[in-house]
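Fold and geometry: a report
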Amino acid sequence: MASTSKDNVQASTSGQGNPADDLEPGACPESVLNPSDSFEEFASEMSSSLQERNINLKSKSSTISEIQSEICDGNKDNTEITSTKSSDDLQSKDDQMSALASSCNLSNQNGEDSDNEKDDYLQSPELVNKEKHVFVLSSAGKPIYSRYGNEDRLAGLCGVIQALVSVVEDQNQDILRSIITKDCKAVFLVKGPLILVAVSKSNESETQLVLQLTYAFNQIVSVLTLTQLNRIFEQRRNYDLRRLLSGAERLIDNLFIFMEKDPAFLLGAVRCLPLPEKARENITNAITTTCHKIRDLVFAILIAGNQLITLVRMKKYTLHPSDIHLLFNLVRSSESFKTAESWTPICLPKFDATGFLHGHVSYISEDCQACLLLLTVQRDAFFPLSQAKHTIAEKLRRSNCLVAINDALNRNQELPTTNPLKHIGIPEIRHFMYKCKSTAQLFTSDPISLDRLQDYRIRHKEGGDVSEKKIEKLSDIDYVRNYRKFCSKIHCTSSPAKLIFRSNSDDTVLAWVTNGFELYVTFDALMEKDQAIKAVDRLLRWIKREEQRIFIMNAPTF
Amino acid sequence: MSRCDFKIVLLGSEHVGKTSLVLRFVNSTFNSGTPYQNTIGAAFCAKTMRSNGKDFNIGIWDTAGSERYEAMTRMYYRGAHAAVICYEPCCLESWARLRHWLQELRTVEEECKVYLCGTKKDLLDSGMVKREVPEDIVATYSQGLRGHFLTSSKTGENVEELFQKIVDDCVADAKLMRNVEEMRVQLLKEEEAYKAKHKEYCNC
């Protein structure tokens, strides 16, 4: 039993008394995040023509040089800054490129196996029966990344992929987007000099897979910058990119685990760590008072367990959720940040794909799992930022904010947000997720705790195989999986649904999108529609009541 | 937090164990449980050491070995008092990269004291790996340098000795020490000026 209605649902339900205020839960006048929706972008990615795609490759103006020149305008005598162009680091790299190329060709020839052997490899347990494969190759067909197995031995497969893509392009003047078989989707994305392919047996839609491939591309840009990536392949079409990406494979590996698990990607939103309003205010103040005199600082971001605690920014600039997701991924994937202060070049593709920001990255203290990122355009700024970090940490300790963060992370029982379903008291609701659209923030009924994050990663290490066994008790990941098809109906560009109500003997799912929010709720089986709507109404009231705790409701600047 | 008296930079190709060396030296730990992860950019650690009866703050830059950060590594050895170039005796490739760093340092930072460090001595001793870099070649190269150490971050062998030698060498360098003293005085002045300014600020 499924009903999809595109007519004015909002009017009919608001008659029953929506949350008292005009604003949906979580909305605030100014947002720290750039709420522009990625889905439209991916939809346009899917419908663009060959010419459009080639035009889009030409990168836009650089935000980083904009900031640098702005700083210089106000500070003309400081000639040092003018000389730090974001791209000059890369210049010397080019000289070596041609020298490297000859050795690449050699190793490639050595890797040639007989055809039989290659075919066998495709049938090996490393590769068969996986739920989702991801391959990245250069447009010349050289393997760059494979989620499973060894890329070297997949050269044959990559050749086939490259041939498929280029035949459609050259002969039909068209773009190969996907190949769908009975139990499998292969989705292709050509971006710049790279070809990305996902081969999936999961229930993810084509758009959702393109979104994931775009994230993988952005992850690569994030370690190299788009400028460098393009230049490498302009100079040598045949270049083996693995040389430069070495060590970054784990970032892509982890990104895919993260994307399959966390609804933040599905909804293009960021999770915030639920905190008492006062505590978050104190944390933000500690950062602004310490950093307001550091001229070149663009963003100060405090995160914990893939959740945002606070984000302070330079006036005029906001961060896109997908850039924050890459930062989450970087921090989660790098143990080394725990042991020392890091000084790390980071390219945030949505912010500025052409250059690096420089990040001072460190955990706030040994007894608190919150990680502070101070991102600047000034590459010599390590020591002032290191000093600032120590000052901030000291302030947080004195104002008991570290305790508040730890309580939230360890899911201290006394907080209403630790177990939202229990606190809300609607027994029919099994699970929900809510996105406030104007601020691109997300809240779900299962706040992340660190130990569970760890648990998921360990479980995933065991394989990524398609599993047949029936799951008895659903985990939050399973709920999120179930929401995928509702999400894709709601984000469908040709005929988007506004309200979906589906009830069967397993469960009842309600998906509802308005101008202000997106809401997905799983109820007990065979729930009546009006009963469900009443419950949703109570749920929204609860979120509204708790909004100061679960969302970041302001947009602080330095 | 005061600035460091001596700046030391670790160089070398990826996976030779620069981060492990620093962690052994600074935290006296070696974690054989965690899988290898490359350093992204660079990491900074500080430690206080005694030499000639005086305490010195040393700052160590642990740089990324990965090629993609190579152009950036220059900013870490700029102005470094000492550089430790690491290689793996059982990996000829890492030795080839070492020669590259030697050349760089010689042209860019002439004043910098250079030390060679062969890592993973425990593996070599246990016979689990075979030496690929001949000892006589290492000896020839280290002649013009400040020293060569064969270390094990797992057992801690020679790690303390390496850094102690660096600090002792720095302290023995009269010209370098003059600069360090000047820096300290300068810093003290700045701090006082800052404090005075801060007080003023607090009063109003």
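Source: prediction; values computed, not measured. (Residues numbered from 1 in each chain as written. Chains lettered and ligands numbered in written order. Predicted model: local features only at pLDDT ≥ 70, side-chain atom pairs only at ≥ 80, totals over all residues.)

Observations regarding the overall build of chain B
Filter applied, for reference: Going along the chain from the N terminus, every DSSP run of H or I of four or more residues is numbered as a helix, and every run of E of two or more is numbered as a strand. The burial criterion counts other C-beta atoms lying within 10 Å of a residue's C-beta, which is placed from the backbone; the residue is buried at 20 or more, exposed at 12 or fewer, and partly exposed between these limits. Each residue gets a C-beta atom placed from its backbone, and two residues are in contact if those atoms lie within 7 Å.
Counting secondary structure elements, chain B contains seven helices and six strands. Counting from the amino terminus, chain B carries its helices and strands in the arrangement β-α-β-β-α-β-α-β-α-α-β-α-α. Oriented by its inertia axes, the alpha-carbon framework of chain B measures out at about 70 × 40 × 35 Å. The buried share of chain B, reckoned over its 204 residues, is 38%. Counting contacts in chain B only where the partners sit at least 6 residues apart, residues at least 24 apart contribute 73% of the total.

Brief notes about the overall build of chain A
Within chain A one finds 22 helices and 17 strands. Of all 558 residues assigned to chain A, the portion counted as buried reaches 44%. Within chain A, contacts between residues separated by at least 24 positions form 70% of all contacts whose residues are at least 6 apart in sequence.

Side note on the sheet that holds strand β4 (residues 178-180) of chain A
Residue and element names in this part refer to chain A. As a reminder, the rule being used: Paired strands are those between which DSSP finds at least two bridges. Angular values range over 0 to 180 degrees, each being the angle between N-to-C directions of two axes fitted as lines to C-alpha atoms, with helices fitted over their stretch in contact.
Here we have five strands laid out as an open sheet, ordered β3-β2-β6-β5-β4, and antiparallel in their pairing. Sheet topology places β3 (143-146) and β4 at the edges, where each strand pairs with a single neighbour. If you compare each strand with its neighbour and ignore which way they point, the axes differ by 10° on average. Pairing of β4 with strand β5 (residues 185-191) involves three bridges; the strand directions are antiparallel.

With respect to the interface of chain B and chain A
The criterion, for reference: Charged residues are taken to be Asp, Glu, Lys and Arg, nonpolar residues to be Ala, Val, Leu, Ile, Met, Phe, Trp, Tyr, Cys and Pro, and polar residues to be all remaining types, Gly included.
Each partner contributes residues to the interface: chain B has 22 residues there, and chain A has 26 residues. Within the residue set of the side of chain B that touches chain A, elements represented by two or more residues are α1 (18-27), β2 (42-51) and α2 (70-77) of chain B. Among the elements that line the side of chain B that touches chain A, the one with the most residues is β2 of chain B, at four residues. Each residue belonging to the side of chain B that touches chain A can be placed in one class, and the counts come to 10 nonpolar, seven polar and five charged. Relative to β2 of chain B, strand β10 (residues 341-346) of chain A runs antiparallel, the two being bridged by three bridges.

Quick notes on the domain arrangement of chain B
Stated formally: Residue ranges for the domains originate in an automatic or database domain assignment.
Parsing chain B into structural domains produces domain 1 (6-172) and domain 2 (173-204). Inter-centroid distance (C-alpha atoms) of domain 1 of chain B to domain 2 of chain B is 31 Å.

Topic: the pairing of strand β13 (residues 429-436) of chain A
All names here are of chain A. For β13, the tally of buried residues reaches seven of eight residues, placing the bulk of the element in the interior. As paired elements, β13 and strand β14 (residues 441-444) share four bridges and run antiparallel to each other. Its bridge partner lying in β14, K435 is registered against L442.

Quick notes on the UniProt feature "domain: FUZ/MON1/HPS1 first Longin" (unreviewed entry) in chain A
Which entries qualify depends on this criterion: UniProt positions are given in the numbering used here, feature names are shortened, and annotations may be inferred rather than shown by experiment.
Mapped onto this structure's residue numbering, the UniProt feature "domain: FUZ/MON1/HPS1 first Longin" (unreviewed entry) falls at residues 132-255 of chain A. Counted over residues 132-255 of chain A, helix gives 47% and strand 23%. Its end C-alpha atoms are 13 Å apart.

Section: the sheet that holds β10 of chain A
With respect to topology, 11 strands assemble into an open sheet ordered β9(A)-β8(A)-β12(A)-β11(A)-β10(A)-β2(B)-β3(B)-β1(B)-β4(B)-β5(B)-β6(B), the strand pairing being mixed. The sheet terminates laterally at β9 (307-313) of chain A together with β6 (147-150) of chain B, the two strands that pair on one side only. Along the sheet, successive strands turn relative to each other by an average axial angle of 25°, direction set aside. Sheet topology places strand β1 (residues 6-11) of chain B next to strand β3 (residues 54-63) of chain B; five bridges connect them, and they run parallel. Within the sheet, the bridge partner assigned to I8 of chain B lies in β3 of chain B and is I60 of chain B. Across the sheet, helix α15 (residues 321-333) of chain A touches β8 (297-304), β9 and β12 (368-376) of chain A, and the angle it forms with β8 of chain A is around 60°.

Topic: the pairing of strand β6 (residues 194-200) of chain A
All names here are of chain A. Burial runs high along β6: seven of the seven residues are buried. On β6, burial covers both faces: L194, L196, A198 and S200 on one face and I195, V197 and V199 on the other are all buried. Sheet topology places strand β2 (residues 132-138) next to β6; seven bridges connect them, and they run antiparallel. Following the sheet pairing, F135 is matched in β6 by V197. As paired elements, β5 and β6 share seven bridges and run antiparallel to each other. When the bridges of β6 are listed, A186 appears paired with V199. Once β5 ends, the chain turns through two residues before running back antiparallel as β6, passing G192 with a positive phi of about 55°.

Considering the environment of P420 of chain A
Within the secondary structure, P420 of chain A sits in helix α19 (residues 420-424). Along the primary structure P420 of chain A and F432 of chain A are separated by 12 residues, whereas in three dimensions their C-alpha atoms are 9.7 Å apart.

A few points about α1 of chain B
The buried fraction of α1 of chain B is high, at eight of 10 residues. Packing partners of the buried residues in α1 of chain B comprise β1, β2, β3, β4 (82-87) and α6 (159-172) of chain B.

Here we look at the confidence of the model for chain B
Just so we agree on the cut-off: Residue-level confidence of the predictor is summarised by pLDDT, bounded by 0 at the bottom and 100 at the top.
When the pLDDT values of chain B are averaged, the result is 87; 95% of them are 70 or greater. Predicted complex metrics record ipTM = 0.88 and pTM = 0.86.

Quick notes on the confidence of the model for chain A
In regions of low pLDDT, the predicted coordinates are not meant to be interpreted in detail. Residues and elements named next belong to chain A. Confidence in the prediction of chain A, expressed as mean pLDDT, is 82, and 79% of residues score 70 or more. Low confidence marks residues 1-20, where pLDDT is under 50. Its contacts with residues over four positions away, or in another chain, come to 24 contacts. A low-confidence stretch, residues 76-115 stays under pLDDT 50, and its non-local contacts, those more than four residues away or across chains, total 40 contacts.

As for unusual backbone geometry
Residue and element names in this part refer to chain A. Positive phi, close to 60°, is recorded for N306, a residue that is not glycine. Structurally, N306 is set in the loop between β8 and β9. In the Ramachandran plot, A440 falls in the positive-phi region, its phi being about 55° despite a non-glycine side chain. Tracing the sequence through the fold places A440 in the loop between β13 and β14.

So, the packing of helix α9 (residues 206-224) of chain A against helix α12 (residues 249-261) of chain A
Residues and elements named next belong to chain A. Basically, it comes down to this: For classification purposes, angles smaller than 35 degrees are called roughly parallel, those larger than 145 roughly antiparallel, those between 65 and 115 roughly perpendicular, and all remaining angles oblique. Definitions for this section: a left-handed crossing has its near helix turned counterclockwise from the far helix by less than a right angle. A right-handed crossing has that turn clockwise.
Following both chains from N to C, one finds α9 and α12 inclined at 150°, their axes separated by 10 Å at the closest point. Accordingly, the angle class assigned to the pair α9 and α12 is roughly antiparallel. Crossing of α9 against α12: the hand is right-handed. Contact residues: Q212, Y215, A216 and Q219 in α9; L251, I252, L255, F256 and M259 in α12.

As for the environment of L302 of chain A
Residue and element names in this part refer to chain A. Position of L302 relative to the elements: it lies in strand β8. Take L302: there are 26 C-beta atoms within 10 Å of it, and that puts it in the buried class. Sequence-distant contacts of L302, defined by excluding residues within four places in its chain, comprise I283, I309, T310, A370 and L372.

Some remarks on helix α18 (residues 401-409) of chain A
All names here are of chain A. Threshold: By construction, the arc corresponds to the directions joining the helix axis to the C-beta atoms.
Those residues of α18 lying buried are C401, A404, I405, A408 and L409. Taken end-on, α18 shows its buried residues confined to a sector of 130°, consistent with a single buried face. At the exit of α18 stands R411, carrying a positive phi of roughly 55°.

Details of the environment of M259 of chain A
Residues and elements named next belong to chain A. Its place among the elements puts M259 in helix α12. Residue classification places M259 among the buried positions, given that 20 C-beta atoms sit within 10 Å. C-alpha of M259 to C-alpha of C487: the two residues are 228 residues apart in sequence and 14 Å apart in space. Apart from the residues lying within four places of it in its own chain, the contact partners of M259 are Q212, Y215 and F265.

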